[in-house]
Amino acid sequence: MDKKLLDILDASGIEYLENAPLSELTTFRTGGKAALVVYPKDEAQTAMLIGLFGKELTVLGNGSNVLASDCGYDGVILTLQKYMTSVHIEGNIVMADAGIRLSKLVLETINSGLSGLEFAAGIPGTLGGGIYMNAGAYDGTLSEFISSVRAMDKNGYIHTIPAEDCAFDYRHSIFMERDLIILGCTFILRKGDRASSVAKVNDLNQRRKSKQPLEYPSAGSTFKRPSGHYAGALIEASGLKGCTIGGAQVSEKHAGFIINKGDATSKDVYELIEHVRKKVLEDSGVELEPEVRFLGRFDTEDNR
Ligand SMILES: Cc1cc2nc3c(=O)[nH]c(=O)nc-3n(C[C@H](O)[C@H](O)[C@H](O)COP(=O)(O)OP(=O)(O)OC[C@H]3O[C@@H](n4cnc5c(N)ncnc54)[C@H](O)[C@@H]3O)c2cc1C
């Protein structure tokens, strides 16, 4: 990394890490190194980083939906999850920073006597990643409760985007098409009862634990749910439960999850994803679309 740029970061008090292992920044626990990771403390530092690195910047939340290339990532990773994590609640209005973990956000809303976000307590990501993915579980999705999203463009300008302009759909948002850094959002929740919200969270977490291979690194559901089908059921029908490439395996517990059995590379995971897609397409005619996002190069000989 250019020494002059690092000197500017030092002079501005912006925290950073060079040659950061992506295996520690993603829940698959695979991947090479990121040239630089930056941890802005506020919006002013975020704008400054955009000015310094522009298009080279990629945002990462908790890395719970990302497969990072074994070749690493040459650009700069910006993460809000270290400092930009505050939440402010007034009545039933909740304003939260994108770096906050969903589990923590849900707890804060429940402790304030609000209900609505309980479904998200077990999703192991940040609010920013959740908005980007329009994360959801057990019949709930974040977009149902969002009234607006704050995001910074690549000129450093902040926009407040009403939910109806965010193109929210199943695991889709406008942020997949526009180069914006999500800074946070405003939710409108309803008055709730703390005890019943806690009971709901505990019940959903128990259901997750019994059905999902949480004991292994993964990125949750590997594929989006195809219209009219369940990805896991199609994968199982193709006889792929337990199918293994290197250290990557189609989970025996839940075929919708590809897991890292311990020593998987991202190449193993990528090849298994491609193998599953090909076989399911042959057997059922359904094209599975990965829900997982890819960071870095997956199209080279080294990575095939
Ligand atoms: C065990 C397990 C269970 C899971 N269960 C669920 C589930 O029930 N439902 C569900 O929907 N998902 C689930 N997931 C997937 C994942 O947790 C969600 O997609 C989550 O919302 C991703 O958040 P993140 O902060 O980890 O984002 P990341 O994985 O870090 O990033 C995901 C994408 O969002 C972008 N992004 C992240 N933050 C920002 C930002 N501030 N501004 C702009 N872009 C940003 C990234 O560039 C990337 O493209 C699960 C994952 C695991 C490992």
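Whatever comes next refers back to the structure up there.
Reading the values: rules and limits
Residues numbered from 1 in each chain as written. Predicted model: local features only at pLDDT ≥ 70, side-chain atom pairs only at ≥ 80, totals over all residues. Heavy atoms only, no water. Disulfide = S-S within 2.5 Å. Buried < 20%, exposed > 50% of the residue type's maximum accessible area, 1.4 Å probe, protein only. Pairing = 2+ DSSP bridges. Helix = DSSP H or I, 4+ residues; strand = E, 2+ residues; numbered from the N terminus. Axes fitted to C-alpha atoms, helices over the stretch in contact; angles between N-to-C directions. Contact = heavy atoms within 4.5 Å. Phe/Tyr/Trp six-rings, centres within 6.5 Å; stacked < 30°, edge-to-face > 60°.

**Student:** What should I look at first to understand the state of the cysteines in this one?
**Tutor:** By definition, a disulfide links the sulfur atoms of two cysteine residues through a covalent bond. Taken as a whole, this structure holds zero disulfides when the rule is applied. Here C166 stays unpaired: no disulfide links it, and the sulfur of C185, its closest cysteine neighbor, is 9.1 Å away. Owing to a relative accessible area of 0%, C166 belongs among the buried residues under this scheme.

**Student:** Is there a simple way to explain the sheet that holds strand β2 (residues 33-39) in this structure?
**Tutor:** In spatial order, the strands read β1-β2-β5-β3; together these four strands make up an open sheet with mixed pairing. Each having just a single partner strand, β1 (15-21) and β3 (57-59) make up the two edges of the open sheet. For this sheet, the mean inter-axis angle between neighbouring strands, taken without regard to orientation, is 30°. With three bridges joining them, β3 and strand β5 (residues 73-78) adopt parallel strand pairing. The partner of V59 across the bridge, within β5, is L78. Here helix α1 (residues 3-12) sits on the sheet in contact with β1 and β2, set at roughly 135° to β1.

**Student:** Can you walk me through the packing of aromatic side chains in this structure?
**Tutor:** Any two aromatic rings considered together are summarised by their centre-to-centre distance and by the angle between their planes. Taken as a whole, this structure holds four aromatic pairs when the rule is applied. Relative to F145, the ring of F119 lies with its centre 6.3 Å away and its plane at 25°, an arrangement referred to as stacked. Of the two residues, F119 sits in the loop between β8 (114-115) and α4 (127-133) while F145 sits in the loop between β10 (140-141) and β11 (146-152), which places them 26 residues apart along the sequence. Neither residue differs from the other here; F119 and F145 are each classed as buried.

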